[in-house]
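# Notes for the structure review
Now for the letters of each chain:
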Amino acid sequence: MKYMLSFTVNGAPADVAVGPTETLLDVLRDRLGFTGAKRGCETGDCGACTVLVDGRSVRSCITLALTVQGKAVTTVEGLARDGKPHPLQQAFHDHGASQCGFCTPGMIVSLAELLEKNPEPCRDDARAAIAGNLCRCTGYVKIIDAAMAAARSPHKKGGPA
Ligand code: FES
Ligand code: FES
């Protein structure tokens, strides 16, 4: 049995017939081609699959797709504006905050939520925001450096689609 799921992804409407057990991550990656959200643990532990639903970060691997009916989903692909990277995306690049990059989309989405809610976070705020995002490579310092640099950017607002 399939049900029609109608929602928006990065500001564009999407209509997909989905089964009751399909996850939001499955729909985004496998049905709609938004591969920014990564398939890591699939148990809600690593944060690689993080996306925003109506501005709040969620683990798309443990979110049933049908629960986002009528809602606005933003993936890391949707954070860029007018052809320019989001300040967090730019700062991750500038500060070498990605190594293998697998955790990076989830990190950036979690930090984008933080900057929307708290435009002047301290390093501890940023640490708390990514407490559920695991990175095997960077040691986190450069990620926090990048978050602080993005917070200083005059373009940090602009938010999710
Ligand atoms: S893949 Fe979703 S939390 Fe790890
Ligand atoms: S950069 Fe490799 S897991 Fe974070």
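Residues numbered from 1 in each chain as written. Chains lettered and ligands numbered in written order. Predicted model: local features only at pLDDT ≥ 70, side-chain atom pairs only at ≥ 80, totals over all residues.

## Considering the environment of Ser-60
Put simply, the rule reads: In this text, helices come from DSSP runs of H or I with a minimum length of four residues, and strands from runs of E with a minimum of two, each type numbered from the N-terminal end. Here a residue counts as buried when 20 or more other C-beta atoms fall within 10 Å of its C-beta, as exposed when 12 or fewer do, and as partly exposed in between; the C-beta atoms come from the backbone. The contact rule is simple: place each C-beta atom from the backbone, and if two of them lie within 7 Å, those residues are in contact.
Structurally, the position occupied by Ser-60 is in the loop between strand S4 (56-59) and strand S5 (72-74). Note on Ser-60: 30 C-beta atoms within 10 Å, which makes it buried. C-alpha of Ser-60 to C-alpha of Ala-37: the two residues are 23 residues apart in sequence and 8.0 Å apart in space. When sequence neighbours within four positions are dropped, the list of residues in contact with Ser-60 reads Thr-23, Leu-24, Leu-25, Leu-28, Ala-37, Cys-49 and Val-51.

## Observations regarding unusual backbone geometry
Residue Asp-54 is not a glycine yet carries a positive backbone phi of 50°. Position of Asp-54 among the secondary structure elements: in the loop between strand S3 (50-53) and S4. Under the C-beta neighbour-count criterion, Asp-54 is labelled exposed, with 12 such atoms within 10 Å. Phi is positive for Asp-82, which is not a glycine, with a value near 50°. Within the secondary structure, Asp-82 sits in the loop between S5 and helix H2 (87-94).

## Topic: the domain arrangement of the protein
The condition is simple: Boundary definitions for the domains trace back to an automatic or database domain assignment.
Per the domain assignment, the segments of the protein are domain 1 (3-78) and domain 2 (79-152). On the side of domain 2, 13 residues touch domain 1, which itself brings 16 residues to the contact. Residue assignment for the side of domain 1 that touches domain 2 shows that the elements contributing at least two residues are S3 and S4. Examining the composition of the side of domain 1 that touches domain 2, we find that three residues originate from one element, S3, more than from any other.

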